[in-house]
Amino acid sequence: MKKYMLAAAAFMAVMPMAAQETYENAKLMGDDLNGTARYVGMGGAMEALGADISTISTNPAGLGLFRHSMVAGSASVKFQSGAPSYANGSKSHVSFDQLGFVYSMRTRPNSWLNLAVNYHKSKDFNYILAATNGLQNASQNKQTFDKLNNKVFTKSTDLTYSQIDALYMNTSLYDKTTNTLTYLNATDFQMNREHEGYISNFDFSINGNIHDRVFLGITFGVKDVRYKHNGLYTELLANDGVVDVSDNREITGTGFGIKAGVIVRPVGDSPFRIGAYVHTPTWYSLTTSNTTTMTEGGRMGETYDFSLYTPWKFGFSLGHTIGKNLALGATYEYTDYSSADTRINDGAFYDRYYDRFYERTRRDAEMNDNTKKSLKGASTIKVGAEYKPLPELALRVGYNYVSPKYKESGYKDPTLYSPGTYYTSATDYTNWKGTNRITFGVGYQKKGFNIDLAYQYATQKGEFCPFSTYNGDADPDLNNVPSVSTVKDNRHQLLLTFGYHF
């Protein structure tokens, strides 16, 4: 058998429709804490305080508190601590994070109408993942063995037959004459993977206020996705052999969503205010491509289109100022990630009435059921404060916590009858825990110009599994149970914003 043989063309061409897998989709859901340095320095707790352009993507009613037009741009240096060097992955990089403009016009003595346009990077994928551990009576190839032995798939066109399965079926472990697959246990595994890319938001907002008591806003947003990972998974087999699986994947595409919000001052002339907002799903249309290579198993790849509808998001916030020296903010958000809708693209259909082609999609029931079992609702809590010892100088501090969106019992199910399984090119998954972010900031303003600096430290732990436990054997001692490794994602950001009010 050739060391690097091309996979059978039938596997690559059998299914014109496609969907994506739960854990790959989860990477595209949820936002980083990013925007202007003032917003980040206060932990993002400005959804009721407003008057910062970053609220365009959270509570757009916050832009209704602007009394002057303004322009702002932000850039940062980001770096990951505690990560090993791997391939071309970089532990530090410069990021252009935000650029926006607000045009404010008075409509009545106490009312304004504002228009805003803003770009910001809502997610930064740059991250190096490293995990290593021992294995006992388990291996990646045994997962394919169990699936074949228990007739989870019987032929290469079954939707439970993954790219990893196809690669192992191309190795010397498979006997074509008897249609049997042997397996070899592994003693150790190592995973190294570099991730890079971003999700960019391009937002347009209309907002304003009524008699300086009620503030309203709506944002129409387009998202641009650019994600890529390159990884190498290695197992040391019990017979002293070594298996290397190299997986390279890219996801690109766009999405559209709407955000609406309100802020009210319920008590007379008091500056105390209450905010509420809602985000529709982001309706993503995406393309993914991959190339996967296995030692003695060959090389294969695939490019396909799929759709993803993210969950709704709801937020509630409080804000208060004391004199001209102190501002306090708090925000709570909730998103039910288990309700994410993975869609199967059935191809284009022709509408004769409008003389146009449309992409038809339908729900991937199997994968959506797995999403409900693996993901859950997550809460975000933000608190922040700004103190001005001098009219020109502001000191800021914030805390931001995001609860886990992964269930501890969640896993990548290799037996799902779904195109998301069929096109899977990796067996590993990580159930990430909650995210803690601590922020500090300082700002200086003079004659309409402002310069702001913020520091953010974000930390998160996760449980990494190289493959899923598959209890398909009658003898429990034969079950394929992997070792679980703790991984970390610790990031630092130093963010600078320049702005001008006029």
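Cut-offs and rules
- Residues numbered from 1 in each chain as written.
- Predicted model: local features only at pLDDT ≥ 70, side-chain atom pairs only at ≥ 80, totals over all residues.
- Heavy atoms only, no water.
- Helix = DSSP H or I, 4+ residues; strand = E, 2+ residues; numbered from the N terminus.
- Rg over C-alpha atoms; globule rule 2.2 N^0.38 Å.
- Buried < 20%, exposed > 50% of the residue type's maximum accessible area, 1.4 Å probe, protein only.
- Contact = heavy atoms within 4.5 Å.
- Patch = residues over 30% accessible without salt bridge, like charges linked within 9 Å, V, L, I, M, F, W, Y side chains within 5 Å.
- Areas by Shrake-Rupley, 256 points an atom, 1.4 Å probe, with all protein chains shown as cover.
- Salt bridge = Lys/Arg side-chain N within 4 Å of Asp/Glu carboxyl O.

The subject of this paragraph is the overall build of the chain. Within the chain, the secondary structure is distributed over seven helices and 21 strands. A compact globule built from 502 residues should have a C-alpha radius of gyration of about 23 Å, and the chain, at 25 Å, falls within 12% of that. C-alpha atoms of the chain, sized along the principal axes, occupy 85 × 60 × 35 Å. Among the 502 residues that make up the chain, the fraction classed as buried is 54%. Contacts in the chain between residues at least 24 apart in sequence constitute 74% of all its contacts with a sequence separation of at least 6.

Quick look at a nonpolar patch on the surface now. On the surface, a cluster of nonpolar side chains totalling about 1,100 Å² of accessible area is made up of Val77, Phe79, Val94, Tyr387, Leu395, Val442, Tyr444, Ile451, Leu453, Leu494, Leu496 and Phe498. Of all the secondary structure elements, the ones that give two or more residues to the nonpolar patch are strand S1 (70-81), strand S19 (429-446), strand S20 (449-465) and strand S21 (485-501). Broken down by element, the nonpolar patch gets its largest block of residues, three residues, from S21. Structurally, valine 442 can be placed in strand S19. Judged by its relative accessible area of 33%, valine 442 is partly exposed.

On to helix H4 (residues 140-149), then. Where burial is concerned, most of H4 is hidden: nine out of the ten residues are buried. Once H4 ends, the next one or two residues include lysine 151, with phi positive near 55°.

This part covers the pattern of salt bridges. Inspection of every chain in the model, using the stated rule, returns 23 salt bridges. As a salt-bridge pair, aspartate 224 and arginine 226 come within 3.0 Å of each other at their nearest N and O atoms. Between glutamate 392 and lysine 446 there is a salt bridge whose closest N-O contact spans 4.0 Å. Of the two residues, glutamate 392 sits in the loop between strand S17 (377-390) and strand S18 (393-402) while lysine 446 sits in strand S19, which places them 54 residues apart along the sequence. Of the residues examined, glutamate 392 reaches a relative accessible area of 28% and is grouped as partly exposed. For lysine 446, a relative accessible area of 41% puts it in the partly exposed group. Three or more residues joined by partner-sharing salt bridges are found here, namely Asp31, Glu47, Lys223, Lys313, Glu333 and Lys382.

Everything listed here is a matter of coordinates, which is why it stays silent on function.
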